[in-house]
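Working through the structure, step by step
One-letter residues, chain by chain:
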Amino acid sequence: MPKSDTLQSENAKRPSAEQFIPVKNIQADDKPAHKSSGQIHFREQKGYFQRLRTTMNSLLVLLFFALPFISFDGRQAILLDVSQQQFFFFGLTLWPQDFTLLAWVFIAAAFGLFFITVFWGRVWCGYLCPQTAWTFMFVWLESRIEGNSNKRKLLDKAPWSANKLGKRSLKHGLWGLAALITGCGFIGYFIPARELYLDIFTGNAGFWTTCWVWFFAICTYLNAGWMREQMCLHCCPYARFQAVMFDANTKTVTYDAARGEARGPRKRKQQTELGDCVDCNLCVEVCPTGIDIRQGLQYECINCGACVDACNETMQKFDYKQNLISYVSENELKGIAHSNWRSPRFLGYGAAVVIMLVVIGLDLSSRSEIQLNVIRDRQSLYRETADNKVENTYQLKIRNKTQQTKQYQLAVNSEMPFSLIADPVITLAPGEQSDYPVTVLADKDAIPTGRKIIEFSVTDVNKPEQSVSQETGFFSP
């Protein structure tokens, strides 16, 4: 056969350029396609971690709305009454003077968060953060109306029609209602909740109450409905400094690259030299922040576990080992055994949490249920009486910081003979403050001239261990 005929025969056997099947070049730094397309429509996923997240988010939302409706001793159990400067927490009443206790609580909560982050990464964001809870709630409403993630993407691209307008109107109407109820739920901690909901939905609420409810409603609508992952990516500071608390033993949502690479599609039961990752891209589609966990640890990851459940579902279908993506530490992936009990971060944050809890306990135990402030009469230092006595006038500001009516015993303490000219027993209602005028009298010849130190004391008649005192000056000629 001539050489030219042979070449023509070989060329005929080769597929043309149009017949070549395109091969996807899989790179570790590929960006998820849906991340740059505006709003992320992530796919709903079921599984162990999603059931856990849903349960914890539901309990958080239920607790948020239910707490203001719990009564204690005839009043709302948790009420931050700003107008009266009283903050009720069941049987405990806090006043502005007790804000140090709230500061200790917030510091202890911060150290507790750091302590958890050392071992489990950003699980707060995935399972307990209100932004996550409300975002998933709004997405659930959206999916019930507009369909799954693919249908929502198509609806975004579709031209406006009666169908699209109807779905969007219903969705935003339900979002607005959920946001309004959330605004009422928040303000219900500052204004009695039972009256608040009724007044808002009947239009009888006051101007400022209505403004505050709608302010938080609009914030909820924007954060959970529109911003969603943008709050986690750009607004939340926790995402930026969490890496400082990570080490090689922190369990985070991690892709096992040694086992999964090189990844690529294949049929079930197909023999292949590829890694276990079938490149189904489900881990990207279910991610609420739109990242590809296969690119490694990223600050955008909120550790919600959606990609873990999606990957395990795929591994089960292909009869592969579970947990190609899982909560695992860097050392565990390398097979390095490590005890958390010897971790400096464990000891440091753990000690900080314990210390703060001790401080809170000491502050609570030493907290007085009585407030006393002694003010001298500034119009005159002293007055002399006709019977050779000297008197000084004071005003005692006494506050009952409890939620029960109390009787208090007043006394003036000094090494010298002073007497109190006033009723020594005073009764105060819960939270009441009394401006109580008293006069202290002394024999002019029995005390030295000038200024002497005396001490006023106020003691609970039924609980003598509850007593406060304050020193002041007594003047005589």
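The structure presented is a predicted model; accordingly, all values stated were derived computationally and were not measured. One numbering rule holds for all chains: residues counted from 1, following each sequence as written. With the structure being a predicted model, the display of local features is reserved for residues of pLDDT at least 70 and the display and counting of side-chain atom pairs for 80 or more, all residues being used for whole-chain, interface and lining totals. To get the side-chain values, all heavy atoms of the structure are used, and hydrogens and water are removed first.

A few points about the pairing of strand β4 (residues 86–89)
Rules: DSSP calls a pair of strands paired once it identifies at least 2 bridges connecting them. Strands are runs of DSSP state E lasting at least 2 residues, helices are runs of H or I lasting at least 4, and numbering of each runs from the N terminus.
Pairing analysis gives 4 bridges linking strand β3 (residues 78–81) to β4, with the strands arranged antiparallel. Along β4, the bridge assignment pairs aspartate 81 with glutamine 86. As paired strands, β4 and strand β5 (residues 92–94) are joined by 3 bridges and run antiparallel to one another. From the neighbouring strand, phenylalanine 88 faces β5, where its bridge partner is threonine 93.

Focus: the layout of surface pockets
Here is the rule: Each cavity reported here is a set of points on a 1 Å grid over the protein atoms alone in which a 1.4 Å probe fits but cannot get out, each pocket an open set with protein on both sides within 12 Å along at least five of seven lines, and each lining residue one with an atom within 4 Å of a point. Grid points are joined across faces, edges and corners, and a volume is the space filled by probe spheres set on the points. Side-chain classes are defined by residue name, with Ala, Val, Leu, Ile, Met, Phe, Trp, Tyr, Cys and Pro counting as nonpolar, Asp, Glu, Lys and Arg as charged, and the others, Gly among them, as polar.
There is about 1000 Å³ of room inside the largest pocket. Forming the walls of the largest pocket are 29 residues, and the residues nearest its centre are Phe64, Trp124, Pro130, Gln131 and Phe186. For the lining of the largest pocket, the elements supplying multiple residues, two or more each, are α2 (48–66), β4, α3 (99–120), α4 (123–127), α5 (130–146), α7 (162–187), α9 (207–227) and α10 (229–235). The biggest single contributor to the lining of the largest pocket is α9, with 5 residues. Partitioning the lining of the largest pocket into residue classes produces 23 nonpolar, 5 polar and 1 charged. Quantified by volume, the second largest pocket comes out at close to 460 Å³. Lining the second largest pocket are 22 residues; nearest its centre among them are Glu44, Arg53, Thr54, Phe136 and Trp140.

With respect to the UniProt feature "transmembrane region" (unreviewed entry) in the protein
Note the cut-off: UniProt positions are given in the numbering used here, feature names are shortened, and annotations may be inferred rather than shown by experiment.
According to UniProt, the feature "transmembrane region" (unreviewed entry) maps to residues 59–79, 99–120, 174–193, 205–224 and 346–364 in the numbering used here. The distance from the first to the last C-alpha atom of residues 59–79 is 20 Å, and the span holds 38% helix and 29% strand. This span, residues 99–120, is 100% helix and 0% strand, and a straight line between its end C-alpha atoms measures 31 Å.

Here we look at a nonpolar patch on the surface
Here is the rule: Exposure above 30% relative accessible area and the lack of any salt bridge qualify a residue for a patch; like charges then connect within 9 Å, and the nonpolar side chains Val, Leu, Ile, Met, Phe, Trp and Tyr within 5 Å. In these tables, accessible area is a Shrake-Rupley quantity obtained with a 1.4 Å probe, and a residue counts as shielded only by the protein chains included in the view. For this analysis, a salt bridge means a side-chain nitrogen from Lys or Arg found within 4 Å of a carboxyl oxygen belonging to Asp or Glu. Exposure classes here rest on a 1.4 Å probe applied to the protein chains alone. A residue is buried below 20% of its type maximum, exposed above 50%, and partly exposed in between.
Together, Leu170, Leu174, Leu177, Ile181 and Phe201 give the surface a local cluster of nonpolar side chains, amounting to about 410 Å² of exposed area. At 4 residues, α7 tops the list of elements feeding residues into the nonpolar patch. Note that leucine 170 resides in helix α7. Judged by relative accessible area, which is 48%, leucine 170 ranks as partly exposed.

Overview of α3
Residue pairs three or four apart in sequence face the same way in an α-helix, which turns once every 3.6 residues. Put simply, the rule is: Each helix should span, by expectation, one fewer than its residue count multiplied by 1.5 Å. The contact rule is simple, with two residues in contact once any of their heavy atoms fall within 4.5 Å.
Taking 1.5 Å as the rise per residue, α3 with 22 residues should run 32 Å; its terminal C-alpha atoms sit 31 Å apart, in good agreement. Buried within α3 are the following residues: Leu101, Ala108, Gly112, Thr117, Val118 and Phe119. Along its buried surface, α3 packs onto β5, α11 (238–241) and α16 (344–366). At the C-terminal side of α3, glycine 121 shows a positive phi close to 65°.

Here's the deal with the sheet that holds strand β13 (residues 425–428)
Rules: Axis definition: a line fitted to C-alpha atoms, limited for helices to the stretch in contact. Angles are taken between N-to-C directions and run from 0 to 180 degrees.
What the 4 strands build is an open sheet, ordered β13-β11-β15-β16; its pairing is antiparallel. Edge positions in the sheet fall to β13 and β16 (467–476), since each of these pairs with one other strand and no more. Taking each pair of neighbouring strands and ignoring which way they run, the sheet shows an average axis angle of 30°. Bridge count for strand β15 (residues 450–460) against β16 is 10 bridges, and the pairing is antiparallel. From the neighbouring strand, glutamate 455 faces β16, where its bridge partner is glutamate 471.

A word on the packing of α7 against α9
Here is the rule: Orientation categories follow fixed angle ranges, with anything under 35 degrees roughly parallel, anything over 145 roughly antiparallel, 65 to 115 roughly perpendicular, and all other angles oblique. If you view the pair so one helix is near and one far, a crossing is left-handed when the near helix is turned anticlockwise from the far one by less than a right angle, and right-handed when it is turned clockwise.
Closest axis-to-axis distance for the α7/α9 pair is 7 Å, and the angle between their directions is 130°. By the angle between their axes, α7 is oblique relative to α9. Here the hand of the crossing between α7 and α9 comes out right-handed. Listed contacts from α9 to His172, Trp175, Gly176, Ala179, Leu180, Thr182, Gly183, Cys184, Phe186 and Ile187 of α7 are Trp212, Val213, Trp214, Phe216, Ala217, Thr220, Tyr221, Gly225 and Trp226. A class-by-class count of the residues in the contact of α7 with α9 yields 13 nonpolar, 6 polar and no charged.

Focus: the pattern of salt bridges
Enumeration according to the criterion identifies 25 salt bridges in this entry. The residue aspartate 279 makes a salt bridge to arginine 263 at a minimum N-O spacing of 3.8 Å. Within this pair, whereas aspartate 279 is found in the loop between α12 (257–260) and α13 (282–285), its partner arginine 263 is found in the loop between α12 and α13, the two being separated by 16 residues in sequence. With a relative accessible area of 6%, arginine 263 lands in the buried category. Lysine 269 is the partner of aspartate 319 in a salt bridge, and the nearest nitrogen-oxygen pair spans 3.6 Å. Here aspartate 319 is found in the loop between α14 (306–317) and β7 (325–328), whereas its partner lysine 269 is found in the loop between α12 and α13, with 50 residues between them in sequence. The same class applies to aspartate 319 as to lysine 269, namely exposed. Connected through shared salt-bridge partners, Glu142, Glu146, Arg152, Asp156, Arg168, Lys171 and Arg228 make up one network.

Details of the side chain of aspartate 98
Spelled out, the test is: Any pair of N or O atoms that falls within 3.5 Å is considered a polar contact. Within protein, one atom must be able to donate a hydrogen and the other to accept it, and sequence-neighbouring residues count only if both atoms are side-chain atoms.
Note on placement: aspartate 98 falls in the loop between β5 and α3. For aspartate 98, a relative accessible area of 9% puts it in the buried group. Polar side-chain contacts of aspartate 98 include one of 3.5 Å to the side chain of arginine 367. Aspartate 98 has contacts with Thr93, Arg367 and Lys401, leaving out every residue within four places of it along the chain.

Concerning the packing of aromatic side chains
Which entries qualify depends on this criterion: Each Phe, Tyr or Trp ring (for Trp, its six-membered ring) is paired with any other whose centre lies within 6.5 Å, and the angle between the two planes then decides the class: stacked below 30 degrees, edge-to-face above 60, tilted in between.
Applying the stated criterion across every chain, the model contains 26 aromatic pairs. Ring geometry for phenylalanine 42 against phenylalanine 136: centres 5.3 Å apart, planes inclined by 65°, an arrangement best described as edge-to-face. Placement of the pair is phenylalanine 42 in the loop between α1 (3–13) and α2 and phenylalanine 136 in helix α5, with a sequence separation of 94 residues. By relative accessible area, phenylalanine 42 is classed as buried at 5%. With 5.8 Å between their ring centres and 85° between their planes, tryptophan 212 and phenylalanine 215 make a pair best called edge-to-face.

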